Amino acid sequence: MNRILFIDDEEEILKSYKRIFEKKSASSDLMELASGFFDEEDQGSVDTSEMTFDVSVANQGLDGVELVKTGVDEKMPYRVAFIDMRMPPGINGLETAKKIREIDPKIEIVIVTAYSDISFKDIALELGAPDKLLYLKKPFDAQEIKQFANNLVVKHKNELIKDDFISNVSHELKTPLSSIIGFHSLLEGASELSEDSKEYLGYIGHSARLMNSLISELLLTLEFQKSELNLNRVSCQADLFFERCYKLLEPLAASKKDITYNYHCSDEAREKIIEIDELRIEQCFNNLVNNAFKFTKEGEINVSLSCADGTLILEVADTGLGIAEDKIQTIFEKFSRVEDKHHEVEGLGLGLSIVKTIMDKHEAKLHVESELTKGSKFQLKFTI
Ligand code: ADP
């Protein structure tokens, strides 16, 4: 069902929206309505044979939020929400959109406003997920609003289909892969294996584990998209925690003969307490260190913990390929990979977007410095 929601404090505008999307509304109706509330120019002809919509309206932000919540709870979510910016006396459009996003991260949002008191850039920064956000200035015409609704509904549907497809395929692959990994371990332990068999078994193990971690990244990314990431924060002594993370990856370092893997904690950083979700931050650590190993042929990978300006900084520095300055901004986006020698290394381009999602949720900073052919430094910064 194509459920769309309009939130606007003016009753007359809400009525117009409803009539525009009524199944049987004729183009003459639209013309008449549009001339009442929206821009009169360029009405053109509205194709009434297009898809049908189930329209809900709310005249205050919190009522709209409630409708979205009910939709999600009843498994009949809205595909698109059109939200007016100014809605006195209640919360404004931006606050409404934030609450709606928390409940349903997949919903398409259109911010509608007659004023330019806040720019699209600022709204996108506050709200996040700019790929699911549009900005529509009043006055607009009826056809415009229908086109927005049509296209966003189709986009929303396609994304759900794509996510379901990836999720189903990934889950289906997990089971046979687990048995490959299990039987591989058993075979590895078997005696009387020729040197050739050991070598081939090594390749099988490597590929199976790689596939497993790619599938896990895909599933995690879908999970983050589907629902708000809830942190299970605990107080933790950072130096002990990160040293443990570091040690758990020593076996990876052991297989890289030309790289030294080091850990250092400054005196100042000792015994500092941070409030984190340990599982998630360990995941960030693993992604950064795995990348450092992936993109470094020889030299050093230095993990360090230090303090500066009221923050505790976990740094992973490598002497690897580095990243060109104009590519640095893109590497945190989903499926983004640098087109260079980097492509010789396996990956889906999801690891850093996962790190970013987790760090944002911790309200902690993620910083990167890199120089092509010299190496990269990634920092996780926690307020202490
Ligand atoms: P993946 O490693 O699976 O490609 P990521 O999201 O972890 O995905 O990283 C995105 C891209 O950023 C990588 O493909 C690579 O081009 C670049 N990158 C990440 N970490 C490093 C690093 N330590 N050194 C050089 N390039 C890196």
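For the structure, check the block above.
First, a word on scope: everything that follows refers to the structure included in this document.

Reading the values: rules and limits
- Residues numbered from 1 in each chain as written.
- Predicted model: local features only at pLDDT ≥ 70, side-chain atom pairs only at ≥ 80, totals over all residues.
- Heavy atoms only, no water.
- Axes fitted to C-alpha atoms, helices over the stretch in contact; angles between N-to-C directions.
- Helix = DSSP H or I, 4+ residues; strand = E, 2+ residues; numbered from the N terminus.
- Parallel < 35°, antiparallel > 145°, perpendicular 65-115°, else oblique.
- Left-handed = near helix turned anticlockwise from the far one by under 90°.
- Contact = heavy atoms within 4.5 Å.
- Nonpolar A, V, L, I, M, F, W, Y, C, P; charged D, E, K, R; others polar.
- Pairing = 2+ DSSP bridges.
- Buried < 20%, exposed > 50% of the residue type's maximum accessible area, 1.4 Å probe, protein only.
- Polar contact = N/O pair within 3.5 Å; in protein donor to acceptor, adjacent residues only side chain to side chain.
- Near = heavy atom within 4 Å.
- Areas by Shrake-Rupley, 256 points an atom, 1.4 Å probe, with all protein chains shown as cover.
- Salt bridge = Lys/Arg side-chain N within 4 Å of Asp/Glu carboxyl O.

**Considerations on the packing of helix 10 (residues 278-294) against helix 11 (residues 351-361)**
Running from N to C, helix 10 and helix 11 point in directions that differ by 150°, and their axes come no closer than 9 Å. It follows that helix 10 is roughly antiparallel to helix 11 by the angle criterion. Taken as a pair, helix 10 and helix 11 cross one another with a handedness that is left-handed. Side by side, helix 10 and helix 11 meet where R280, I281, Q283, C284, N287, L288 and N291 of the first sit next to G351, L352, I354, V355, I358 and M359 of the second. Classifying every residue of the contact of helix 10 with helix 11 gives eight nonpolar, four polar and one charged.

**Some thoughts on the sheet that holds strand 1 (residues 3-7)**
Spatially, five strands are ordered 2-1-3-4-5 in an open sheet, and the strand pairing comes out parallel. Edge positions in the sheet fall to strand 2 (54-58) and strand 5 (133-137), since each of these pairs with one other strand and no more. Between one strand axis and the next, the sheet turns by 20° as a mean value, whatever way the strands run. Across five bridges, the pairing between strand 1 and strand 2 is parallel. Within strand 2, the residue paired with I7 across the bridge is A58. The strands touched by helix 1 (residues 11-20) are strand 1, strand 2 and strand 4 (108-113); relative to strand 2, the strand with the most contacts, the crossing angle is about 175°.

**Topic: the pairing of strand 8 (residues 273-276)**
Where a strand is regular, its side chains alternate between the two sheet faces. The alternating pattern of strand 8 places I274 and I276 on a buried face and I273 and E275 on a face that is not buried. Bridge count between strand 6 (residues 234-237) and strand 8: four bridges; the pairing is antiparallel. Following the sheet pairing, S235 is matched in strand 8 by E275.

**Some points on the environment of D318**
Note that D318 resides in strand 10 (residues 311-318). Separated by 245 residues in the primary sequence, D318 and D73 place their C-alpha atoms 47 Å from one another. Residue contacts for D318: discarding those within four places in its chain leaves A292, T296, E300, I301, K374, G375 and S376. Of note is the side chain of D318, whose polar atom sits 2.9 Å from the backbone nitrogen of G320.

**Description of the site of the ligand**
Within the structure, the ligand sits among 20 residues, and N291, K294, D318, R337 and L352 are positioned closest to it. Within the backbone of L352, an N or O atom sits 2.8 Å from an oxygen atom of the ligand. Considered on its own, the ligand offers 530 Å² of accessible surface; in the complex 99% of this is hidden by protein. Contributing elements (two or more residues each) for the shell around the ligand: helix 10, helix 11 and strand 12 (375-383). In terms of residue count, the dominant contributor to the shell around the ligand is helix 10 (three residues). The residue makeup of the shell around the ligand, split by class, is nine nonpolar, eight polar and three charged.

**With respect to the pattern of salt bridges**
The tally for this structure, following the rule as stated, stands at 19 salt bridges. Its salt-bridge partner being E223, residue R280 comes within 3.8 Å of it at the nearest N-O pair. Of this pair, R280 sits in helix 10 while E223 sits in helix 7 (residues 195-226), and the two are 57 residues apart along the sequence. Overall, the relative accessible area of 17% leaves R280 in the buried class.

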